[in-house]
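Here's the letter readout for the chains.
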Amino acid sequence: HLFYGWETAPPQSARWREEIMATVAKRSSEGVQWHGRIPQRSLDAILPTYGVWLYPTSFGEGYCIAGMRATAAGLIPVYRQVAALPEVQFPSPFAVPDRDWIREGGRSEFSASAIAAVAASKNGKIDREAYRRFALDHTWEGVADRLLVDVERRGLLPARTTPRLE
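The residue numbering used here restarts from 1 in each chain and proceeds along that chain's sequence as written. Whole-chain, interface and lining totals are the exception, using all residues; otherwise, since this is a predicted model, local features are given only for residues with pLDDT of at least 70 and side-chain atom pairs are given and counted only at 80 or more. With hydrogens and water stripped out, all remaining heavy atoms of the structure feed into the side-chain values.

**Student:** What is the right way to read the pattern of salt bridges from this model?
**Tutor:** A pair can form between side chains of opposite charge whenever their charged atoms are brought close. Salt bridges are defined by distance alone: a side-chain nitrogen of Lys or Arg within 4 Å of a carboxyl oxygen of Asp or Glu. For the coordinates displayed, the defined rule picks out eight salt bridges. Between Arg 27 and Glu 30 there is a salt bridge, with the nearest N and O atoms lying 3.2 Å from each other. Per-residue accessibility, obtained with a 1.4 Å probe over protein chains only, is compared with the maximum for each type, and a residue is labelled buried under 20%, exposed over 50%, and partly exposed between these values. Given the relative accessible area of 38%, Arg 27 is considered partly exposed. We classify Glu 30 as exposed; its relative accessible area is 54%. Among the salt bridges present, the one from Asp 127 reaches Arg 133, with a minimum N-O distance of 3.4 Å. Here Arg 133 falls in the partly exposed class, since its relative accessible area comes to 49%. Through salt bridges that share partners, Asp 150, Arg 153 and Arg 154 make up one connected network.

What follows is the structure, encoded as structure tokens:
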């Protein structure tokens, strides 16, 4: 199931869009479905019904809200270890190193990891609650609060006078 809105995609991605949509059409008999962009509340209701979140990106994410939402829904994350993803995502055994997508076998490695994650999701050997707990502990506010405490502890900022987020 693919949730993506092309409305914000840059014009140079038109060819990529055509390729993706052709692949979706070709794979529809296998259960591949294009949902497009949907409201966040609808997505929040749908995500927990799935088992795995696949994110084969090369984009330099700084935080990746989509990934954190998927993790909070208990989905097993399968992602390339690019930019901040290794720091802000659950330390998934299905994360793959950031390799060249074509020359270094990154695509096959990602595919193998995705297949293993789907199998793990189906056999129930993954503690999805651990993913949820991780996401709740790694909200923007929680991460920022821990960073501020660390900076204060090192004496780099004066102590806060405002209460910490609970």
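**Student:** What is the right way to look at the packing of helix H3 (residues 65-72) against helix H6 (residues 128-137) in this model?
**Tutor:** The axes are straight lines fitted to the C-alpha atoms, using for helices just the contacting stretch, and the angles between their N-to-C directions are given from 0 to 180°. Each helix corresponds to a stretch of at least 4 residues labelled H or I by DSSP, and each strand to a stretch of at least 2 residues labelled E; elements are numbered beginning at the N terminus. Between H3 and H6, whose axes approach to 7 Å, the crossing angle comes to 135°. It follows from the interaxial angle that H3 and H6 lie oblique. On H6, the residues that touch Met 68, Thr 71 and Ala 72 of H3 are Tyr 131, Arg 132, Phe 134 and Ala 135. These descriptions rest on fixed angle ranges, namely under 35 degrees for roughly parallel, over 145 for roughly antiparallel, 65 to 115 for roughly perpendicular, and the rest for oblique. Contact definition: two residues touch when any of their heavy atoms are within 4.5 Å.

**Student:** Sorry, what's going on with helix H5 (residues 106-123) here?
**Tutor:** Residues three or four positions apart in an α-helix share a direction because the helix packs 3.6 residues into each turn. Here the expected length of a helix is defined as 1.5 Å per residue gap, with one fewer gap than residues. Compared with the 26 Å implied by 1.5 Å per residue over 18 residues, the 26 Å span of H5 between its first and last C-alpha is a close match. Those residues of H5 lying buried are Gly 106, Phe 110, Ser 113, Ala 114, Ala 117 and Ala 120. Down the axis of H5, the smallest arc covering the buried residues is 125°, so these residues share one side. Counted as exposed and oriented over 90 degrees from the buried face of H5: Ser 108, Ile 115 and Lys 122. Positive phi shows up at Gly 124, right after H5, with a value of about 70°. Each C-beta atom gives one direction from the helix axis, and the arc is the one those directions make.

**Student:** What is the right way to read H3 from this model?
**Tutor:** Inspection of H3 places Gly 67, Met 68, Ala 70 and Thr 71 among the buried residues, and these make up the whole buried set. Seen end-on, H3 carries its buried residues on one side only, within an arc spanning 160°. Of the residues trailing H3, Gly 74 is marked for its positive phi of about 90°.

**Student:** Quick question: what am I supposed to make of the nonpolar core here?
**Tutor:** Across soluble globular proteins, you tend to see nonpolar side chains buried next to one another. Take the buried residues of types Ala, Val, Leu, Ile, Met, Phe, Trp, Tyr and Cys, join any two whose side-chain atoms come within 4.5 Å, and each joined set is a nonpolar core. Judged by nonpolar contacts, the single largest core of 17 residues is most densely connected at Val 52, Met 68, Ile 76, Val 78, Phe 90, Phe 94 and Ala 117. Taken together, the elements giving at least two residues each to this core come down to strand E2 (76-79), H5 and H6. Among the nonpolar cores identified, the runner-up in size contains twelve residues, and Tyr 55, Ala 73, Val 82 and Ala 95 belong to it.

**Student:** Looking at this structure, how should I read unusual backbone geometry?
**Tutor:** The phi dihedral of Cys 64 falls on the positive side, at around 70°, and the residue is not glycine. Within the secondary structure, Cys 64 sits in the loop between strand E1 (52-55) and H3. Classification of Cys 64 as buried rests on a relative accessible area of 4%. Located in the positive-phi region is Ala 83, a residue other than glycine, with phi close to 50°. Mapping Ala 83 onto the fold places it in the loop between E2 and helix H4 (85-88).

**Student:** Can you walk me through the environment of Gly 51 in this structure?
**Tutor:** Residue position: Gly 51 is located in the loop between helix H2 (40-46) and E1. Among the residues examined, Gly 51 registers a relative accessible area of 14% and is labelled buried. Sequence-wise, Gly 51 and Gly 105 are 54 residues apart; in three dimensions their C-alpha atoms are separated by 25 Å. Contacts of Gly 51, omitting those with residues within four sequence positions, involve Gly 74, Leu 75, Ile 76, Ser 121 and Arg 128.

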